[in-house]
Amino acid sequence: QKMAGRHFFREGARHFHSLGGRATGCGGAAVAAAVTVTGGVAAAAACAGSVEIDPATNQRFQDLALQHDVMFKSVAVGVGPRGRGLFATEGVAADGLLARVPLTHCVMHHRSESPEEDQDWPFWLASRLLKELAGTGVWAKYAKEGFLPSASEAAVDLPNARPTAWLERFSHWPLVNKLLQHREQTHWLYSTVTGRQTTPDSLLWAQALVLSRSFGLAENNDVIGLIPFLDMLNHAEQPNTKLHVDVRRKQIYAYALTPIEPGEELVIAYAEGGVPNAALLMKYGFVLADNTSSLFLLSDAEGLFLLDATRMMAYLDHAHVGWDTAEAVHLRTVLQGLPVLAEGGVSVDAERQSATELYNLLKDRLSRTEADVAESDLGPLALLIDEELELLRTAVTFLKGYTDSLA
């Protein structure tokens, strides 16, 4: 919650546009794509998908940019394998300039100036965004032209903008529970802040945009902001685009991190290192089919049962686990998420009781998650459920064997 979506001072690290988040296996491959500029759809080499650039939409995008002193060089807005994004219309060399956006267009929250607001920065930044949208400036025009997701579009793509009833179907997920708690906090803040010409629903929509589109604009994310036009940039684990904030010139520049081919999408990475699908979905509304990072979290109730780390590792050594196998990847993820007591000292009887209780809780969670698979309207949640099922099955199998060894 304390980290903004993207950070300019880490090369190539940035944030992702929520509408570009369908489950794809692109992985950021730098491959040129066939581009259709006539409204049709052409086969593209990149990710075995296609890139479609609608001339009218792109012209509106470029005209709006020019009106507000935003510069794009050989870049068009279009729709590709990741959804709506920015694409190179000509080849660009590494370090070549792609775009420039005045820093004054950003909607910003200075966390260092109001430390008491740190925890609730999405609320305050969302409030500022709504104020801009109610005005006549660049953000109001940007939204009017359809370049900012509407409330109905966000409700489809971003879990935080989904109806509470939809989220509650998956309330046994720790991350969904956190979203529900965040929603309660938003309603509480709304009720305590007077003079705001908005509604709780509009705040939730704006917060969904803030959480999925915000950038760190200073060291340690002391300044968090929203950048019009560049928020079209999509995510890839291997980015080809980097951003730079020039405070003296009050400009934000986008440069090619690697050589970019005509038709290739401009992509950034949300964070250094892998970002688990669960975190990607909850914040950005998308998952990656080839994501190598996983996350296994326990609920508050499941995390009550501490296990003896020393005894557990002795069991793993005795079981001759093959750590170089594909199955071991899931097991490592599970072990990282289990509640352990590093110093040991737990009696065998207490350990067996804790392991049994945790096994029963996770087995029940597995049954309920399997039931979720039968649900319709899951979207990218379907892939995350598949990942969750694999981790839960691994956890249940491990705890069954470990419990039996303590008998």
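Numbers given for residues are sequential positions, taken from 1 along each chain in its written order. Residues qualify for local features only when their pLDDT is at least 70, as the model is predicted, and side-chain atom pairs are given and counted only at 80 or more; totals for whole chains, interfaces and linings, by contrast, use all residues. Excluding hydrogens and water, the side-chain figures rest on all heavy atoms present in the structure.

Engineer: Looking at this structure, how should I read the overall build of the chain?
Structural biologist: For the purposes of this entry, the term helix denotes a DSSP run of H or I that reaches at least four residues, the term strand denotes a run of E that reaches at least two, and both are numbered from the N terminus. Within the chain, the secondary structure is distributed over 12 helices and 15 strands. For the chain, the proportion of its 407 residues judged to be buried stands at 54%. Whether two residues are in contact is decided by their heavy atoms: any pair within 4.5 Å suffices. Partitioning the contacts of the chain with sequence separation of at least 6, the portion at a separation of at least 24 is 72%. For the chain, the computed accessible surface area is about 17,800 Å², with 53% contributed by carbon and sulfur atoms. Relative accessibility thresholds used throughout: buried, under 20% of the residue-type maximum; exposed, over 50%; partly exposed, between the two (1.4 Å probe, protein chains only). The accessible surface values rely on the Shrake-Rupley method and a 1.4 Å probe; as for residues, cover is taken only from the protein chains in view.

Engineer: Sorry, what's going on with the sheet that holds strand S9 (residues 223-226) here?
Structural biologist: In sheet architecture, strand pairing relies on hydrogen bonds along the backbone and comes in two forms, parallel and antiparallel. For two strands to be treated as a pair, DSSP must find no fewer than two bridges joining them. Taken together, 3 strands build an open sheet; the order of strands is S7-S9-S8 and the sheet is antiparallel. Each end of this open sheet is capped by a strand with a single partner; those strands are strand S7 (107-110) and strand S8 (215-216). Bridge count for S7 against S9 is 4 bridges, and the pairing is antiparallel. Directly across from methionine 108, in S9, lies its bridge partner glycine 225.

Engineer: Sorry if this is basic, but what is going on with the nonpolar core here?
Structural biologist: Looking at soluble globular proteins, one finds that nonpolar side chains tend to be buried together. We call a set of buried residues a nonpolar core when its members are Ala, Val, Leu, Ile, Met, Phe, Trp, Tyr or Cys and they connect through side-chain atoms within 4.5 Å of each other. With 58 residues, the main nonpolar core has Phe61, Phe72, Leu86, Trp139, Tyr142, Phe229 and Leu230 as its most contacted residues. In terms of residue count, the dominant contributor to this core is helix H2 (residues 121-133) (8 residues). In this structure, Met312, Leu338, Leu391 and Ala395 belong to the second largest nonpolar core, which totals 25 residues.

Engineer: Is there a simple way to think about unusual backbone geometry in this case?
Structural biologist: Peptide bonds are, in most cases, trans, and in most cases residues other than glycine have a negative phi. Unlike most non-glycine residues, aspartate 69 shows phi in positive territory, near 60°. Mapped onto the secondary structure, aspartate 69 falls in the loop between helix H1 (55-67) and strand S3 (71-72). Assessed through its relative accessible area of 44%, aspartate 69 is described here as partly exposed. Backbone geometry places aspartate 95, a non-glycine residue, at a positive phi of 75°. Note that aspartate 95 resides in the loop between strand S5 (83-88) and strand S6 (97-102).

Engineer: Where do I start with the pairing of S5 in this structure?
Structural biologist: Side-chain positions along a regular strand alternate between the two faces of the sheet. Of all 6 residues in S5, 6 are buried; the element is thus mostly enclosed. In this structure, strand S4 (residues 75-80) lies alongside S5, joined through 6 bridges in antiparallel fashion. In the sheet register, valine 77 faces S5, and the bridge partner there is leucine 86. If you look at the hairpin formed by S4 and S5, you'll find 2 residues sitting between the two strands.

Engineer: Looking at this structure, I do not really get the packing of H2 against helix H7 (residues 200-213). What am I missing?
Structural biologist: When two helices pack together, their arrangement is given by the angle between the helix axes and by the axis-to-axis distance. Lines are fitted to the C-alpha atoms to define the axes, a helix being fitted only along its stretch in contact, and any angle between axes, read from their N-to-C directions, falls within 0 to 180 degrees. One way to put it is that H2 packs onto H7 with a least axis distance of 8 Å and a crossing angle of 105°. Classified by the interaxial angle, the pair formed by H2 and H7 is roughly perpendicular. On H7, the residues that touch Trp121, Pro122, Phe123, Leu125, Ala126, Ser127, Leu129, Leu130 and Leu133 of H2 are Ser202, Leu203, Trp205, Ala206, Gln207, Leu209, Val210 and Leu211. Classification convention: Asp, Glu, Lys, Arg as charged; Ala, Val, Leu, Ile, Met, Phe, Trp, Tyr, Cys, Pro as nonpolar; all other residues, Gly among them, as polar. Split into classes, the residues belonging to the contact of H2 with H7 amount to 14 nonpolar, 3 polar and no charged. For classification purposes, an angle smaller than 35 degrees is called roughly parallel, one larger than 145 roughly antiparallel, one from 65 to 115 roughly perpendicular, and anything else oblique.

Engineer: I tried to follow the side chain of serine 214 on my own but got confused; where do I start?
Structural biologist: Inspection of the secondary structure assignment puts serine 214 in the loop between H7 and S8. The class for serine 214 is buried, based on a relative accessible area of 0%. Looking at serine 214, its side chain comes within polar contact range of the main-chain oxygen of valine 210, at 2.8 Å. Polar contacts, as used here, are pairs of N or O atoms within 3.5 Å; protein pairs need one atom able to donate a hydrogen and one able to accept it. Residues neighboring in sequence count only if both atoms are side-chain atoms.

Engineer: What is the right way to read the pattern of salt bridges from this model?
Structural biologist: Think of it this way: side chains of opposite charge can pair up when their charged atoms draw near. Salt bridges are defined by distance alone: a side-chain nitrogen of Lys or Arg within 4 Å of a carboxyl oxygen of Asp or Glu. Throughout the structure, instances matching the rule amount to 13 salt bridges. Measuring nitrogen to oxygen at the nearest pair gives 2.6 Å for the salt bridge that ties glutamate 145 to arginine 60. One end of the pair, glutamate 145, is in the loop between helix H3 (138-144) and helix H4 (151-157); the other, arginine 60, is in helix H1, with 85 residues separating them in the sequence. Note on glutamate 145: relative accessible area 31%, which makes it partly exposed. Under the relative-accessibility criterion, arginine 60 is labelled partly exposed at 32%.

Engineer: Is there a simple way to think about the sheet that holds S3 in this case?
Structural biologist: The strand order S3-S6-S12-S11 describes an open sheet built from 4 strands, whose pairing is antiparallel. The two strands at the open ends of the sheet, each matched to only one other strand, are S3 and strand S11 (241-246). Alignment of S6 against strand S12 (residues 251-256), held across 5 bridges, turns out to be antiparallel. In the sheet register, alanine 99 faces S12, and the bridge partner there is alanine 254.

Engineer: Can you help me understand the packing of aromatic side chains in this one?
Structural biologist: To pair, rings of Phe, Tyr and Trp, with the six-membered ring standing in for Trp, must have centres within 6.5 Å; the planes then decide the type, stacked if under 30 degrees apart, edge-to-face if over 60, and tilted in the middle. Under the counting rule described, the total for this entry stands at 12 aromatic pairs. Taking 5.2 Å as the distance between ring centres and 80° as the angle between the ring planes, the aromatic pair formed by phenylalanine 61 and phenylalanine 147 counts as edge-to-face. Highlighted residues: phenylalanine 61 in helix H1 and phenylalanine 147 in the loop between H3 and H4, separated in sequence by 86 residues. Phenylalanine 61 gets classed as buried once you look at its relative accessible area, which sits at 0%. Overall, the relative accessible area of 0% leaves phenylalanine 147 in the buried class. Note on phenylalanine 72 and phenylalanine 229: the rings are 6.3 Å apart at their centroids and 65° apart in plane angle, and the pair reads as edge-to-face.

Engineer: Looking at this structure, I do not really get the side chain of serine 74. What am I missing?
Structural biologist: Note that serine 74 resides in the loop between S3 and S4. Looking at serine 74, its side chain comes within polar contact range of the side chain of glutamate 90, at 3.3 Å. Discounting residues that sit within four places of it in the chain, serine 74 has contacts with Phe87, Ala88, Thr89 and Glu90.

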